[in-house]
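Here are the chains, one letter per residue:
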Amino acid sequence: MIGIISSDGSLWQDNRRFTMRVLRDFGFGKTAALDSMIQDAALGLCQYLKENKHKPQDFGPRLNLAVLNIIWKMTADLKIKSTDTLSFI
């Protein structure tokens, strides 16, 4: 939840630095493919949040699914449907 609840402090800075380094190693910012994968996952997460904005939420599984979909798309060119989340949580 770091970065969603708070965006300061040394732990957050270390995580951001690590994340940006890894994403750059995969070509983030250089190729449109990775950028579009990340945007698709973020849009899917935003759509879910809009649909469920007045309900209590556990963001952990949905955030994990968004990250998992990016990794899965890069490695196997597949996407896990949000309706299948219970089988992956």
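In the nomenclature of an unreviewed UniProt entry, the chain corresponds to Cytochrome P450 from the organism Darwinula stevensoni. Listed under Cofactor (unreviewed entry) in UniProt, the entry text for the chain is "heme".

Draft legend 1. Quick look at helix H2 (residues 32–51). Between its first and last C-alpha, H2 extends 28 Å over 20 residues, near the 28 Å set by a 1.5 Å rise per residue. Of all the positions in H2, only Leu 34, Met 37, Ala 41, Leu 45 and Tyr 48 are classed as buried. Projected down its long axis, H2 carries its buried residues within an arc of 65°, all on one side. Looking at H2, the residues exposed on the side facing more than 90 degrees away from the buried face are Ala 32, Gln 39, Leu 43, Lys 50 and Glu 51.

Reading the values: rules and limits
- Residues numbered from 1 in each chain as written.
- Predicted model: local features only at pLDDT ≥ 70, side-chain atom pairs only at ≥ 80, totals over all residues.
- Heavy atoms only, no water.
- UniProt positions renumbered as here; feature names shortened; annotations may be inferred.
- Helix = DSSP H or I, 4+ residues; strand = E, 2+ residues; numbered from the N terminus.
- Expected span 1.5 Å × (residues − 1).
- Buried < 20%, exposed > 50% of the residue type's maximum accessible area, 1.4 Å probe, protein only.
- Arc of directions from axis to C-beta.

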